[in-house]
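Examining the three-dimensional arrangement
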Amino acid sequence: MKSFLIIIWIIAAMLMLISTRSAAQDKNPVFETDDCIICHIQIEMMPADFHQNDIHLQEGLSCAGCHGGDPSTDDPELAMDRERGFVGVPSRQETPEFCGKCHSSIEVMRKFRPRIATDQVEQYFTSIHGQKLKQGDKKVAECVACHTAHSIMSANDGRASTHPLNVPGTCKTCHSDPEYMKEYDIPTDQFENFTVSVHGTALLDNKDTGSPACNDCHGNHGATPPGLESVSHICGTCHANNLNYFSSSPMEKAFREMEIHACEQCHGYHEVIPTSDEMISVGEKSVCTTCHSEGDVGYTAAVEIHKDLTDFVQKYNEAEKKLQEIKKKGMDDVDILFALQEANQTLIHTRTLVHTFDPLQVEEKAEEGKEKAIEAINLARQEIEDFYIRRYGFGFATIFITIFVVALYFKVRSLD
Ligand code: HEC
Ligand code: HEC
Ligand code: HEC
Ligand code: HEC
Ligand code: HEC
Ligand code: HEC
Ligand code: HEC
Ligand code: HEC
Ligand code: HEC
């Protein structure tokens, strides 16, 4: 009995040993060797925002990398000795240089990654945040406001405050707080407007990272409102054809002279909402009638383009209905689907071509698409006709054969 208990005890001890070992192996070695961490954990004075996956910790940089001092002694006087390079906690104004001692140095950063950018601090001081920080403003964002201090991760990491899905929330902490922003002369509705926009819903609801977050339009470190010249170019980085067509349109020069931001005039910037064919019309939702009135070339253009688009859309919808009819009958729909897909591509292209504001170019494309839609409709009609021919043809054939057999029967009987 006694030896049995001993065996149990030994097994339990071994299991405990294995489990503590593997837990220790999982841990970053700095937790065992770095006296700053060992002591700060012991005295429960770890920063509140500390995270094990902090990239600096992962790279083996630990506390002294940023705060300086000597991480190899457990004597607090020596460890946090200014003589040994301890710099303590930086003020907001000091933060850019504090981070920049590594991030602005090619020599330091190259040791970790060969082609990492080292322009963040320089870029930062071109932004409104950076300029105001220099002037002594204590409320603007510095490095830590966007990155945190102790849970910094690469923007590819879903937990990072700079991950595309998290950026709007990061900017929101200040920009949507009317109390915090009250001494500044700017609105606090950017986040609110952004979340209901096409871009915001695609990014935040559908997790589509192809849709812009705040930093895609404002830059990461150069956060300023894009200037007059650059708004359209920023939109154009993703919507290249819209920009190209607009740039070749008769309105490009007029807008430049009137100092109007091109895309923004008709679409807004934070609150970009889904577009519709009604925008190019002379109806209630028109974006043309603010500047063009009856008799203008621009006004007529709006009327004509709207008509071309609605004619095309009507045919397209008709074709789509026919396709549904075909599908319900369980008939072959490959050719029709193909024609309809081509019509759909043309419809998308036509709506982009609107940005030429040239009725002739739009009409030409719309006609091309309408023909594809008509082709789909005709194919469907043919398919439906064939269906009835097959069905009634079979009926007629059956009746005919029956009559023939009956006639034959009577004939044979009469012969008997
Ligand atoms: C033996 C324990 C011990 C060691 C080792 C130690 N610290 Fe500290 N640290 C403390 C204590 C206690 C305080 C708070 C008292 C103070 O401010 O001096 C503190 C405060 C700090 C602060 C805040 C200072 C401020 O001005 O508010 C920082 C930053 C810091 N330590 C970083 C480090 C770094 C970096 C190392 C390693 C190079 C380190 N510590 C090593 C115990 C330690
Ligand atoms: C990437 C650079 C960086 C690293 C690495 C770093 N810190 Fe900090 N730390 C800062 C900055 C910047 C501040 C001031 C801003 C703030 O308080 O958020 C700060 C503030 C502090 C403070 C005072 C405020 C607070 O949050 O309690 C303490 C204590 C501290 N750090 C301890 C540590 C310890 C311990 C480690 C190692 C586990 C560490 N830091 C690693 C940059 C760093
Ligand atoms: C001791 C030098 C040093 C200091 C000081 C330092 N960093 Fe770093 N930082 C690094 C290194 C090394 C990396 C890892 C590079 C890599 O592999 O991507 C890094 C990575 C980063 C990354 C992630 C880069 C990526 O891969 O996307 C960010 C963001 C960052 N640091 C911000 C800061 C901020 C903010 C501060 C100041 C609070 C700071 N760093 C202070 C050395 C430093
Ligand atoms: C207004 C917010 C903001 C401020 C302020 C800010 N950053 Fe960034 N930073 C970002 C965002 C967002 C990214 C991620 C970009 C991406 O998607 O790759 C980034 C990326 C980085 C990277 C990764 C490499 C790179 O250039 O993309 C480093 C390093 C970095 N920041 C350091 C800093 C330092 C140092 C400061 C202070 C001088 C600072 N940041 C200030 C928002 C900010
Ligand atoms: C720590 C708070 C804080 C954070 C976080 C922050 N900002 Fe700011 N931002 C400010 C303050 C304060 C101003 C100065 C307002 C002014 O003077 O107009 C400002 C100014 C700006 C401006 C210039 C506005 C103008 O026309 O004057 C832009 C653009 C901007 N921020 C974008 C961003 C973006 C994008 C992010 C997130 C990546 C962000 N900010 C994060 C506080 C913050
Ligand atoms: C699709 C591009 C785009 C996105 C996304 C975007 N902005 Fe802007 N933002 C702009 C443009 C363009 C302006 C300049 C408008 C002007 O000056 O007429 C601007 C202006 C600003 C301003 C100056 C004040 C104002 O409202 O006019 C701030 C602050 C700002 N944006 C913050 C943000 C924040 C925070 C986010 C994310 C929640 C964001 N922006 C997302 C394009 C964008
Ligand atoms: C980073 C890329 C990117 C940038 C920059 C960008 N957009 Fe977009 N935009 C998209 C994506 C992706 C969608 C589609 C979202 C969806 O899934 O509905 C979109 C959708 C749109 C739509 C709606 C299209 C529709 O079918 O109704 C409009 C209008 C628009 N953007 C205008 C703009 C304007 C104006 C700007 C500049 C202020 C801009 N975009 C900047 C990527 C971008
Ligand atoms: C004069 C007004 C006007 C200007 C300027 C303008 N648009 Fe449009 N945009 C429209 C109208 C009208 C539609 C709707 C077309 C439709 O659906 O019939 C539209 C539709 C769109 C669409 C959705 C259709 C598509 O192409 O996918 C996007 C995206 C778009 N615009 C982006 C931009 C961008 C980017 C700029 C700046 C280069 C810009 N627009 C400038 C009026 C304008
Ligand atoms: C912000 C004001 C503004 C808006 C909005 C606007 N335009 Fe214009 N447009 C002008 C100006 C200014 C001119 C150049 C002067 C002129 O010919 O009337 C112009 C010129 C034109 C021209 C060329 C006229 C010519 O004589 O060759 C056409 C076509 C046109 N616009 C169509 C449209 C359409 C369609 C819309 C709506 C989608 C629209 N515009 C929206 C201001 C505007």
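Structural data are supplied above this passage.
Source: prediction; values computed, not measured.

This part covers the coordination of the iron atom of ligand 1. Coordination sphere of the iron atom of ligand 1, protein contribution only: His-40 (NE2) and Met-80 (SD), at 2.1 to 2.3 Å. Taken together, the six donor atoms surrounding the iron atom of ligand 1 define angles of 82 to 179° at the centre, an arrangement classified as octahedral. Residue His-40 is found in helix α3 (residues 35-42), and its partner Met-80 is found in the loop between α6 (76-79) and α7 (95-103); the two are separated by 40 residues along the sequence.

Turning our eyes to something else, we now look at the packing of aromatic side chains. Per the stated rule, a full pass over the model turns up six aromatic pairs. A ring pair is formed by Phe-387 and Tyr-388, whose centres lie 5.3 Å apart and whose planes are at 80°; its orientation type is edge-to-face. For Tyr-388, a relative accessible area of 32% corresponds to the partly exposed category. Cluster of aromatic residues (ring-pair linked, three or more members): Phe-246, Phe-255 and Phe-357. Sitting over the face of the ring of Phe-98, Lys-101 holds its NZ or CZ atom 5.1 Å from the ring centroid. The cationic tip of Lys-139 hangs over the ring face of Tyr-180; the distance from NZ or CZ to the ring centre is 4.8 Å.

This part covers the packing of helix α17 (residues 240-247) against helix α21 (residues 334-353). The interhelical angle for the contact between α17 and α21, taken along N-to-C directions, is 45°, at an axis separation of 9 Å. Relative to α21, α17 is oriented oblique. Contact with α17, carried on its side by Asn-241, Asn-242 and Tyr-245, involves His-349, Thr-352 and Leu-353 of α21 and no other residues of that element. Grouping the amino acids of the contact of α17 with α21 by side-chain chemistry returns two nonpolar, four polar and no charged.

A separate point is the coordination of the iron atom of ligand 2. Protein-derived ligands of the iron atom of ligand 2 are His-67 (NE2) and His-150 (NE2), with the metal-ligand distances lying across 2.0 Å. If you look at the iron atom of ligand 2, its six donor atoms make angles of 86 to 179° with each other, and the shape they trace is octahedral. With His-67 in helix α5 (residues 62-67) and His-150 in the loop between α11 (143-147) and α12 (167-175), this residue pair connects regions lying 83 residues apart in the sequence.

In this fold, Ser-105 is placed in the loop between α7 and α8 (106-110). Once you skip the residues sitting within four places of it in the chain, Ser-105 turns out to touch Gly-100 and Thr-118.

With respect to spatial proximity, 20 residues lie near ligand 3, and among them His-56, Cys-99, Cys-102, His-103 and Arg-113 are the closest. Contact distances for ligand 3 include 2.8 Å between a nitrogen atom and a side-chain N or O atom of His-56. The side chain of Arg-113 places a nitrogen or oxygen atom 2.9 Å from an oxygen atom of ligand 3. For the shell around ligand 3, the elements supplying multiple residues, two or more each, are α4 (55-58), α5, α7 and α11. Element by element, the count of residues in the shell around ligand 3 is highest for α7, at five residues. Of the residues contributing to the shell around ligand 3, the split by class is twelve nonpolar, five polar and three charged.

Another point: the environment of Asp-54. Within the secondary structure layout, Asp-54 lies in the loop between α3 and α4. You can call Asp-54 buried: its relative accessible area is 5%. Remark: the alpha-carbon pair of Asp-54 and Ala-149, spanning 95 residues in sequence, is separated by 9.1 Å. In this structure Asp-54 touches Ala-149, His-150, Ser-151 and Ile-152, once residues within four positions along its chain are discounted. At 2.9 Å, the side chain of Asp-54 forms a polar contact with the backbone nitrogen of Ile-152.

Bringing the site of ligand 9 into the picture now. Around ligand 9, the surrounding shell holds 17 residues, and the nearest of these are Met-251, Val-287, Cys-288, Cys-291 and His-292. Note that a nitrogen atom of ligand 9 is positioned 2.8 Å from one of the side-chain N or O atoms of His-292. Looking at the shell around ligand 9, the elements that each hand over two or more residues are α18 (251-257) and α20 (297-328). Taken together, the residues of the shell around ligand 9 break down into 13 nonpolar, four polar and no charged. Looking at which domains feed residues into the shell around ligand 9, each of domain 1 (226-273) and domain 2 (297-415) gives three or more.

About the criteria used
Residues numbered from 1 in each chain as written. Chains lettered and ligands numbered in written order. Predicted model: local features only at pLDDT ≥ 70, side-chain atom pairs only at ≥ 80, totals over all residues. Heavy atoms only, no water. Donors = N, O, S within 2.8 Å, 3.2 Å for Na, K, Ca; no water. Tetrahedral: all angles 85-135°; square planar, octahedral: opposite > 155°, others 65-115°. Helix = DSSP H or I, 4+ residues; strand = E, 2+ residues; numbered from the N terminus. Phe/Tyr/Trp six-rings, centres within 6.5 Å; stacked < 30°, edge-to-face > 60°. Buried < 20%, exposed > 50% of the residue type's maximum accessible area, 1.4 Å probe, protein only. Lys NZ or Arg CZ within 6 Å of the ring centre and 35° of its normal. Axes fitted to C-alpha atoms, helices over the stretch in contact; angles between N-to-C directions. Parallel < 35°, antiparallel > 145°, perpendicular 65-115°, else oblique. Contact = heavy atoms within 4.5 Å. Nonpolar A, V, L, I, M, F, W, Y, C, P; charged D, E, K, R; others polar. Near = heavy atom within 4 Å. Polar contact = N/O pair within 3.5 Å; in protein donor to acceptor, adjacent residues only side chain to side chain. Domains from an automatic or database assignment.

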